[in-house]
Amino acid sequence: MDAQGRGRADNIDPADQWVLNPNTGEYELRLTPSAPQSTVPGPRRGDSGRPRGGGGETRGRTAAGRQSPSSSSEEAPGPEASSSRRRRGTPAEEPANRRGRRPVKKKSKVKKILLWTGGIMAFVLVGTAGAAYLYIEHLNGNITSVSDDGASTGGFSKDKAINLLVIGTDKRTGSGNEGYGDSGSVGHADTTILLHVSKDRTNATALSIPRDLIVNVPDCRTEQEDGSSKVIPGTDNVRFNTSLGQDGRTPSCTVRTVTELTGIQADNFMVADFNAVKTLTTAVGGVEVCLGKDIDDEDSHLKLSKGTHTIEGEQALAFVRTRHSVGFGGDLSRIALQQQFLSALMRKLKSNDTLTSPTKMLKLAEAGTKALTVDSKLDEIDKLKDLGLELGKLNVKNLTFTTVPVVDNPAEKVKATVVVNTSTAPTVFQMIKDDVSFTAVKQQAAASKDAAAAAAAARLKGAQSAASAVRVQVMNGGAAAGSAQETLNWLQNDEGVTKSENAGNAPAALSRTTLEYAPDQADQARKLAAIMGLPGTALKPGKSVENSQGLPTMTLTLGKDFKGAGVSLTAPTAVPDTVQKSTADKVECAK
């Protein structure tokens, strides 16, 4: 019996033949060879309506090594069957993995894969079953992919931080969705989350981008259906949601817009429509949400009483679409509701009743591959599996949900849109770019107490000279060409550091910018560090050199980390108090 015909008779669920192997701690698909089958999985029964090999066998397992009396051909024993011949009176030998003792409980590798961010990675588990080749091919056929048009980095790497852009479109395709709102929508970027997973996989940040945020959408080169390329002109001062669908824009245009907004380039993207919420929540048997008050929303059709509820399908979709009945009744309130929902979904996906249920895992695999559109770098189950394994290393308590800091659009009398809060948003963007955790991860907390870090911080404390007293030569040690002269012009013209000069290229390239100075120049070093935003680790007590006038001077070497004149090199270490955030392990009630 193979992947197509296994366990369909007598209402046996095929998922029950995924068996936990105690020796490896993984689920395995137990199959035996049979005649060639169709390449598309589907239900099939034997002639008698019973599983091949006769009745009376343990549910979900094949009677390997036996032959029906009416059969005219023999089948080879399956991988878990004992020999069909044994001495008379000798008891049948149990399978090796059940012989003599109870199976050793080992933590399944499957359980290490967190299937989260709206369930988008649930289906990667199927890739761990090598025997299910035909089923994997079937899932590959479910996947819809579109070109990234060069907007992404070219795909995630296992040894780097991961930036995944998840785009929820308001396109009303699919059964039962035509009645929601604008049935003729071209599919705008209605809900967008930039998921950043740290390089060490200890923490992650999910940054929601409001659909009504005013942004500049850049020019976007897109691949057309006939294989040709077309550049869609950009537009300034428009809603973020127009980065998708409007004027024929594809998901790669949204990727470019996010890069323009945050300075962060996504590695990959995924697009989900209304069906994704309905099918994925149904596949896991619903998710539990909490309401701090009764809700009866005429627009989203959500009607729930105060307290906890398990929702799925249409009701789950209504929940994430609700905005008028929560918070201040706008898109920002809906974002908070969606973040609560995603946290609840992640907790459900991580729970044992999901991860230990092959039935639910297969349903998730089907639902996920059908409901999502991915970029062309993620167009195979193996690629999705690799991404899922990387994401699965994260503990949800260190996953922080936050939103781009915004303020009301000052150009509007009737407030309908928002603009970036320039006092706090740059800090949030920089923390993500610098891979700084929004949660108190133990490893980072320990590092902050390190003696070396304390010593570096101490170098910044103390008196500072006047800018006009700072004497420094600038060298390029790995920064972009022209950086030394650009920095010199900025220091002299904008910051009053007139005793500075360009010393050309450094003898060797440096990964990080450094400032070397003699002990009696410490006050100058602190002043220059303050002007340039240099961290204490960049200050290197040492010796001075002579400048072109023969006077002692410090040496500033611009390393590969240099980001431009006037751009601080000090990574923020804390989220501003005014930035809203929550973690995925906390249960919160909508208000």
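Calculation rules
Residues numbered from 1 in each chain as written. Predicted model: local features only at pLDDT ≥ 70, side-chain atom pairs only at ≥ 80, totals over all residues. Heavy atoms only, no water. Helix = DSSP H or I, 4+ residues; strand = E, 2+ residues; numbered from the N terminus. Buried < 20%, exposed > 50% of the residue type's maximum accessible area, 1.4 Å probe, protein only. Contact = heavy atoms within 4.5 Å. Areas by Shrake-Rupley, 256 points an atom, 1.4 Å probe, with all protein chains shown as cover. Disulfide = S-S within 2.5 Å. Pairing = 2+ DSSP bridges. Axes fitted to C-alpha atoms, helices over the stretch in contact; angles between N-to-C directions. Salt bridge = Lys/Arg side-chain N within 4 Å of Asp/Glu carboxyl O. Core = buried A, V, L, I, M, F, W, Y, C linked by side-chain atoms within 4.5 Å. Polar contact = N/O pair within 3.5 Å; in protein donor to acceptor, adjacent residues only side chain to side chain. Parallel < 35°, antiparallel > 145°, perpendicular 65-115°, else oblique. Nonpolar A, V, L, I, M, F, W, Y, C, P; charged D, E, K, R; others polar. pLDDT = per-residue confidence, 0-100. Right-handed = clockwise from strand over helix to strand, strands pointing away. Left-handed = near helix turned anticlockwise from the far one by under 90°.

Caption draft 1: Main features of the overall build of the protein. Secondary structure summary: the protein contains 13 helices and 27 strands in total. Relative to its 591 residues, the protein shows a buried fraction of 49%. For the protein, the share of sequence-separated contacts (at least 6 apart) that also reach a separation of at least 24 residues comes to 73%. With the model as given, the accessible surface of the protein reaches about 28,300 Å², and the carbon-plus-sulfur share is 48%.

Caption draft 2: Structural context of the state of the cysteines. If you walk through the whole model with that rule in mind, you get one disulfide. With a sulfur-sulfur separation of 2.2 Å, cysteine 220 is cross-linked through a disulfide to cysteine 253. When the S-S torsion is -95°, as for the bridge of cysteine 220 with cysteine 253, the disulfide is left-handed. Of this pair, cysteine 220 sits in strand 8 (residues 220–223) while cysteine 253 sits in helix 2 (residues 251–262), placing them 33 residues apart in sequence. Exposure class is identical for cysteine 220 and cysteine 253. Each is buried.

Caption draft 3: Quick look at the sheet that holds strand 15 (residues 307–311). Taken in spatial order, the three strands line up as 15-12-27 in an open sheet, and their pairing is mixed. Since the sheet does not close on itself, it has two edges, and those belong to strand 15 and strand 27 (589–590), each with one partner. On the sheet, helix 4 (residues 313–321) packs against strand 12 (287–291) and strand 15 and is oriented at approximately 125° with respect to strand 15.

Caption draft 4: Local environment of the pattern of salt bridges. Within the structure shown, the criterion is met by nine salt bridges. Ionic pairing is found between arginine 201 and glutamate 390, a salt bridge with its closest N-O pair at 3.0 Å. Placement of the pair is arginine 201 in the loop between strand 5 (189–197) and strand 6 (204–209) and glutamate 390 in helix 8 (residues 381–391), with a sequence separation of 189 residues. Residues participating in the shared-partner salt-bridge network are Asp190, Arg211, Asp212, Arg239 and Arg334.

Caption draft 5: Up close: the nonpolar core. Formed by 53 residues in total, the largest nonpolar core has its most connected members in Ile311, Phe319, Phe341, Leu387 and Leu399. Counting 29 residues, the second-largest nonpolar core is a separate cluster that includes Leu165, Ile167, Leu207 and Ile264.

Caption draft 6: Representation of helix 4 within the structure. With respect to burial, helix 4 is a largely interior element, seven of its nine residues being buried. Turning to helix 4, its buried residues are Gly313, Ala316, Leu317, Ala318, Phe319, Val320 and Arg321.

Caption draft 7: Examining unusual backbone geometry more closely. One non-glycine residue, arginine 201, lies in the positive phi region at around 65°. Note on arginine 201: relative accessible area 4%, which makes it buried. Phi at histidine 301 is positive, roughly 70°, even though this residue is not glycine. With respect to the secondary-structure elements, histidine 301 resides in the loop between strand 13 (295–297) and strand 14 (302–304). Since its relative accessible area comes to 56%, histidine 301 is described here as exposed.

Caption draft 8: Spatial organisation of the side chain of asparagine 163. Its location among the elements puts asparagine 163 in strand 4 (residues 162–169). At 2.8 Å, the side chain of asparagine 163 forms a polar contact with the side chain of histidine 196. Apart from the residues lying within four places of it in its own chain, the contact partners of asparagine 163 are Leu194, Leu195, His196, Ile264, Gln265, Ala266, Asp267, Asn268 and Ile432.

Caption draft 9: The arrangement of the packing of helix 3 (residues 274–283) against helix 7 (residues 358–371) in detail. In contact at an axis separation of 8 Å, helix 3 and helix 7 are set at 175° when each is read in the N-to-C sense. Of the possible angle classes, the one that applies to helix 3 and helix 7 is roughly antiparallel. Each of Asn275, Ala276, Thr279, Leu280 and Ala283 in helix 3 lies in contact with helix 7, whose residues at this interface are Lys360, Lys363, Leu364, Ala367, Gly368 and Ala371. For the contact of helix 3 with helix 7, the class distribution of residues is six nonpolar, three polar and two charged.

Caption draft 10: Representation of the confidence of the model for the protein. In the predicted model, the protein carries a mean pLDDT of 75, and the fraction of residues at 70 or more is 68%. In this model residues 1–18 is a low-confidence stretch, pLDDT under 50, and it forms 74 contacts with partners more than four residues away in sequence or in other chains. Note that residues 31–132 has pLDDT below 50 and, in this model, 183 contacts with residues that lie over four places away or in other chains.

Caption draft 11: Focus on the environment of leucine 362. Topologically, leucine 362 is positioned in helix 7. A residue is classified by how much of its surface remains accessible, and leucine 362, at 12% relative accessible area, is buried. Between the C-alpha atoms of leucine 362 and alanine 283, which are 79 residues apart in sequence, the distance is 8.7 Å.

Caption draft 12: Broad picture of the side chain of asparagine 476. Looking at where asparagine 476 falls in the secondary structure, it is placed in strand 20 (residues 471–476). At 3.1 Å, the side chain of asparagine 476 and the backbone nitrogen of glycine 478 are in polar contact.

Caption draft 13: Structural context of the pairing of strand 20. When you tally the buried positions in strand 20, you get six out of six residues, the bulk of the element. Side-chain alternation along strand 20 places Arg471, Gln473 and Met475 on one buried face and Val472, Val474 and Asn476 on a second face that is also buried. For the segment spanning strand 20, helix 12 (residues 483–493) and strand 21 (residues 499–505), crossover handedness is right-handed. Direction of pairing for strand 20 relative to strand 25 (residues 552–558): parallel, over a ladder of five bridges. In the sheet register, methionine 475 faces strand 25, and the bridge partner there is threonine 557.

Caption draft 14: Spatial organisation of the packing of helix 3 against helix 4. Closest axis-to-axis distance for the helix 3/helix 4 pair is 8 Å, and the angle between their directions is 130°. Classified by the interaxial angle, the pair formed by helix 3 and helix 4 is oblique. Considering only the axes of helix 3 and helix 4, their crossing is right-handed. Of the residues in helix 4, those in contact with Phe274, Val277, Lys278, Thr281 and Thr282 of helix 3 are Gly313, Glu314, Ala316, Leu317, Val320 and Arg321. Within the contact of helix 3 with helix 4, the residues separate by chemical class into five nonpolar, three polar and three charged.

Caption draft 15: Expanded view of the environment of isoleucine 295. Mapped onto the elements, isoleucine 295 comes out in strand 13. In this structure isoleucine 295 comes out as buried when scored by relative accessible area, which is 4%. Spatially, the C-alpha atoms of isoleucine 295 and valine 326 are 8.1 Å apart, while their sequence positions differ by 31 residues.

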